[in-house]
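Residue-level listing of the chains:
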Amino acid sequence: MSDQLLQAVQAGVQFVDLGRQLRVGMPQSPNHPQFWHTLPRRHGDMTRSDGGSAANDMITTGTHVGTHIDALAHVSHDGKLHGGADAGQSCLGGKYVEHGVHTISPMIRRGVLLDIPGLLGVERCDGGYEITVADLDAACEAEGVEIAEGDVVLIRSGWGQLFSEGQAYVGGPSGVPGVSEAGARWLSQKKVHAAGADTIAFERLAPGGGHALLPAHRVLLVESGIYIIEALDLEELAAQKMYEFTFLLVPLNIFGATGSPVRPLAVKSA
C-alpha cells in the first residue's frame, strides 16, 4: 500500500512561504554580522573553448540574520545553558557541541498561527505593544484552535509589514510589539516545540530599549528548551486565515552554531 503522506502530496498540497528573501542591506539586529553576497566570477570572466561560461557566488552572514532559528546555545543565564549545561565548557574549540544548531532535528509538526492584529481589529500592533496572555487566549478562542504539546506556535503582530522599510522594522525609538516574559511562560506551559514571530527579536522591545533585556529568550531557550524563530513573513498566512497547518523547517546543519537561516513552509491539502 502506498504511503498515506505520499498519497496526500500526490492529491495536491498548497504552501505558504514564511521565509524572508536574503538581500544585502535588509534589516537585522545590530548584534549580528550582516548578510553579504557577491559574485567572484561572472559570466564572461572566463569562457571555455566551446563558448561555455559559469558564474559563482560567495556569501558571508551571521546565523541570526533574515528568517532564522535560535538554537538552545544562543542564550545563557548566569553562565548556564538549557538543562544546566555550563555555557563556557559547552563551547569546545569555538563550537557549541552541546545545544548547537546541529542538534535541532528537522521539523514536520502541527503549526498554529495566532493572529493578534486580526483579533484586535487593527492593521498591526503598535511599537512596544505587549501581546498579553489574555491576547493569546482570546486569539485561540477566536480562531477555534487549541495549542497542543509539541506544536509550533507562530505569533503575528503585523510588524512584518515594515520589513521592506529597513530601520523602521528594527524598532529603536518606536519599540517592537511582541510577547514578554508572561507570554513566554504561557508558551512554556503549553509545552510547545518552537515559537516564532514576524519581528526581529520575537519578544516585545520597549520603546528606546533595544535588545537590552530579553526575558522571553531566557524563559524559552534557557529554562524551557523551546526554539525561537524570528523575522517570519506571516502576512499571507493571516490573509488566508490559515490558522492550522503542517509546519516544515530544516535548519542548516552547521556544527556548533548558535542559529541558522531557515525557509519555513506552512503546508495544507489543496
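Residues numbered from 1 in each chain as written. Predicted model: local features only at pLDDT ≥ 70, side-chain atom pairs only at ≥ 80, totals over all residues. Heavy atoms only, no water.

Undergrad: Give me the packing of aromatic side chains: which residues, what numbers.
TA: The tally for this structure, following the rule as stated, stands at 1 aromatic pair. Between Phe163 and Tyr169, the ring centres sit 5.0 Å apart and the planes meet at 75 degrees, which makes this aromatic pair edge-to-face. Phe163 sits in the buried class, given a relative accessible area of 9%. According to the relative accessible area criterion, Tyr169 is buried, its value standing at 0%. (Phe/Tyr/Trp six-rings, centres within 6.5 Å; stacked < 30°, edge-to-face > 60°. Buried < 20%, exposed > 50% of the residue type's maximum accessible area, 1.4 Å probe, protein only.)

Undergrad: I'd like a rundown of the sheet that holds strand β11 (residues 194–197), residues and numbers included.
TA: Read from one edge of the open sheet, 9 strands run β1-β15-β13-β7-β9-β11-β12-β4-β14, paired in mixed fashion. Across the chains shown, the open sheet's two edge strands, defined by having one partner strand only, are β1 (13–17) and β14 (259–261). In this sheet, neighbouring strand axes are inclined to one another by 30 degrees on average, regardless of whether the strands run parallel or antiparallel. Inspection of the sheet shows strand β13 (residues 244–249) paired to strand β15 (residues 265–269) by 3 bridges, in the antiparallel sense. Looking at β15, one finds that Leu248 is bridged to Leu265. On top of the sheet, helix α6 (residues 215–224) reaches β4 (68–70), β11 and β12 (227–230); it is set at about 135 degrees to β12, its chief contact. (Pairing = 2+ DSSP bridges. Helix = DSSP H or I, 4+ residues; strand = E, 2+ residues; numbered from the N terminus. Axes fitted to C-alpha atoms, helices over the stretch in contact; angles between N-to-C directions. Contact = heavy atoms within 4.5 Å.)

Undergrad: Can you explain the pattern of salt bridges? Please cite residues and give values.
TA: The tally for this structure, following the rule as stated, stands at 11 salt bridges. Between Asp17 and Arg263 there is a salt bridge, with the nearest N and O atoms lying 2.7 Å from each other. With a gap of 246 residues between them, Asp17 in strand β1 and Arg263 in the loop between β14 and β15 connect regions that are remote in the sequence. Given the relative accessible area of 24%, Asp17 is considered partly exposed. With a relative accessible area of 63%, Arg263 lands in the exposed category. Across the pair Glu181 and Arg185 runs a salt bridge, and its minimum N-O distance is 3.1 Å. (Salt bridge = Lys/Arg side-chain N within 4 Å of Asp/Glu carboxyl O.)

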